[in-house]
Amino acid sequence: MGTLASSVASEHWTGAAPGRWTVVVLAAAGALSGVVLLVLADANTELPQPGLHAALAYWITIPYIVAGLVAWRRRPDSRLGMLMVAAGFASFLGFLVWSNNDGLFTLGVAAQFLPPVLFLHVFLAFPTGRLVSRPERVVVAAAYGAAALTIPALALAQESPRNVVAVIAAPAIAQVLQRAQLLIISTLSLAGIAVLARRRRTGRPSRTALGLLVDAFSLGLLMIALLLLAGFFQWHAIQDTVRQMTFAVIGIAPIVFLVGLLASHLGRASVADLFVDLGVNPGPAELQHAVARALRDPSATLAYRVEEFDAYADIDGHEVDVEPSPGRSAMPIVRDGTPVAMLFHDAALDDEPEVLSSVAAAIGMTIHNAQLQVELRARLEELRGSRARILQAERLERRRLERDLHDGAQQRLVALALELGEMAEVVVDRDLRRRIDDARAEVSASLADLRDLAHGIHPALVSDHGLMVALESLATHATVPVRIDGSVNGRLPEPVELAAFFMVSEALANIAKHAGASAAVVRLDRGPGVLRVEVSDDGVGGATTDHGTGLRGLADRMEALGGRLRVWSTRDHGTRMRAEIPCAP
């Protein structure tokens, strides 16, 4: 128990692969145990269907020993192989109750609760062999404690004629202890299922093959719980059937585990061929897809180191956080001693360090071209972000200027106009009244100009009432008849509405100044995630974004929002200006 307790409590393990002779001795012991099981089953006259019972005993003994030895040799840093070997030999000890020898029979009774507890330990410690969370450690430690109650129960069962370790006769207490063991270990097995289910929800492990193995563990724990509950409630009619079903389910786990180890070996063997097929200069997307295939992890991604920004970027150039999320792990990729990328993968792959090392080496040899492309995309992304920040700063500054003009100069001019009006009413001299009226007219004209200026700086109508109202106002005040086709249901993000408004405003201003048109049409179309705005006229044409600052500024504004502006204009055939602006669907 001291060794088992320290195994449960310890979180760190540095192991070495078993030597050849250790493997030979354990394999020979496993083979001998199989022979002993066959002999015991054949010699026990009270055992019905000895062949079937021997086969089921083999099924939960030999595969665990074999799979444990393979895992121990291939992954010495994990305790899982040792635990599986221990579970296999513990199962063998439990079957000694078939023996006609009283000493061996007593040993079998003493070990009867050890196999289910070891199975619970193996299932919860998969795949690293470590009990990671506190609930896992509590469940397994409590299970070992319940299994240890067998010793005092045997010591108190003197009335049993084959019990060679009995001290006193206290059958009632011994029976209470045995029933407590059945109830406690069955309850802890169900708690183990809850732990595995929580592990499923948090993504450890989420890969298909390992997920199926965890499901097999859950089913095994359920059958163990049913078997122990059948003993607790003394369901003798179904107890033997439940036992056979439980053994059949428990024996599946090491077989699936061995298949997983073989798949891991084949995965390593395929890594080199996969990257040879890629060539020496794969692109970012091509390299990432290859990594996902090699790891058999569709969620695997790469983040590239961009020294210029002291950050990591994904294949599209967007900055990413290198701190992995729950259920995920991160592995640095190093080239010539310098970190060049970070590989994010399912945390379950931590149990396959050979595969990860092979993939990391292949990435390091082929990453140069992909890294250059990602660095270029990161610079472009930074440029887009810079333009968007400039546009945001311009919008805020325009709004501030419009508010200052409205609250400052406009209000003072309005007050001046009112004061002049009051003066004109009390002045008797006609010449002076006329001069005051002229001054009022100049103030009103200046106020109108100032309002137009403020409106051009920042159209408050857009912010207050939305794009459609602002466009209708533009159409009403245009110098040529303007028809608006289509509409925008609801509000859009303010930068989008402002960009559309400025585009239509600039287009109508150009029509008034240069087009010589008789009419104009504004068309609106809001599709999934995009707003399309088009202005066309029947004027002289010749407009272009290559010269002047008006249309070029509009084009820059659209591109800063991730959109684009296109102009079609030929002599004597009018002009058509079309903007596509991304917006929320």
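Everything below is about the structure shown above.
Residues numbered from 1 in each chain as written. Predicted model: local features only at pLDDT ≥ 70, side-chain atom pairs only at ≥ 80, totals over all residues. Heavy atoms only, no water.

Engineer: An account of a nonpolar patch on the surface is requested, with residue identities and associated values reported.
Structural biologist: On the surface, a cluster of nonpolar side chains totalling about 320 Å² of accessible area is made up of W59, I252, I255 and V259. With three residues, the top contributor of residues to the nonpolar patch is helix α13 (residues 252-278). Mapping V259 onto the fold places it in helix α13. A residue is classified by how much of its surface remains accessible, and V259, at 52% relative accessible area, is exposed. (Patch = residues over 30% accessible without salt bridge, like charges linked within 9 Å, V, L, I, M, F, W, Y side chains within 5 Å. Areas by Shrake-Rupley, 256 points an atom, 1.4 Å probe, with all protein chains shown as cover. Salt bridge = Lys/Arg side-chain N within 4 Å of Asp/Glu carboxyl O. Helix = DSSP H or I, 4+ residues; strand = E, 2+ residues; numbered from the N terminus. Buried < 20%, exposed > 50% of the residue type's maximum accessible area, 1.4 Å probe, protein only.)

Engineer: Provide a residue-level description of the sheet that holds strand β1 (residues 301-306), including the pertinent values.
Structural biologist: Strand order across the open sheet formed by five strands is β3-β2-β1-β5-β4, with antiparallel pairing between neighbours. A strand with exactly one partner marks an edge of an open sheet, and here the two such strands are β3 (319-320) and β4 (328-335). Seen against the sheet, helix α14 (residues 284-295) touches β1 and β5 (338-346) and runs at an angle of roughly 135 degrees to β1. (Pairing = 2+ DSSP bridges. Contact = heavy atoms within 4.5 Å. Axes fitted to C-alpha atoms, helices over the stretch in contact; angles between N-to-C directions.)

Engineer: Pulling in residues and values, what's your account of helix α12 (residues 236-250)?
Structural biologist: An ideal rise of 1.5 Å per residue puts 21 Å on 15 residues; α12 measures up with 21 Å between its terminal C-alpha atoms. Buried within α12 we find Q239, V242, T246, F247, V249 and I250. (Expected span 1.5 Å × (residues − 1).)

Engineer: A description of helix α3 (residues 50-59) should follow, citing residues and the corresponding values.
Structural biologist: Because the α-helix completes a turn every 3.6 residues, residues three or four places apart line up on one side. Every buried residue belonging to α3 is among H53, A54, L56 and A57, and all of these are buried. The buried residues of α3 occupy one face: seen down the axis, they fall within an arc of 165 degrees. Here the buried face of α3 lies against α2 (20-43) and α12. (Arc of directions from axis to C-beta.)

Engineer: How would you summarise the side chain of N163 if you had to cite specific residues and measurements?
Structural biologist: As for its position among the elements, N163 is in the loop between α9 (150-155) and α10 (171-201). Only 2.7 Å separates the side chain of N163 from the backbone oxygen of L154, close enough to count as a polar contact. Engagement of the side chain of N163 in a polar contact is seen with the backbone nitrogen of V165, the distance being 3.1 Å. Apart from residues no more than four positions distant in its own chain, N163 is found in contact with T106, L154 and A157. (Polar contact = N/O pair within 3.5 Å; in protein donor to acceptor, adjacent residues only side chain to side chain.)

Engineer: So, the environment of A71: which residues are in play, and what are the values?
Structural biologist: Within the secondary structure, A71 sits in helix α4 (residues 62-74). Through-space distance from the C-alpha of A71 to that of G81 is 4.7 Å; in sequence the pair is 10 residues apart.

Engineer: I'd like a description of the pairing of strand β6 (residues 482-485), backed by residues and values.
Structural biologist: As paired elements, β6 and strand β7 (residues 520-527) share four bridges and run parallel to each other. When the bridges of β7 are listed, I484 appears paired with V522. In this fold, the crossover linking β6 to β7 by way of helix α20 (residues 494-515) has left-handed handedness. (Right-handed = clockwise from strand over helix to strand, strands pointing away.)

Engineer: I'd like a rundown of the pattern of salt bridges, residues and numbers included.
Structural biologist: Enumeration according to the criterion identifies 11 salt bridges in this entry. In this structure, the salt-bridge partner of D240 is R243, at a minimum N-O distance of 3.4 Å. Linking D240 with R243, this pair stays in helix α12, spanning three residues, or about one helical turn. Take R243: its relative accessible area is 28%, and that puts it in the partly exposed class. D525 is the partner of R532 in a salt bridge, and the nearest nitrogen-oxygen pair spans 3.3 Å. Judged by relative accessible area, which is 40%, D525 ranks as partly exposed.

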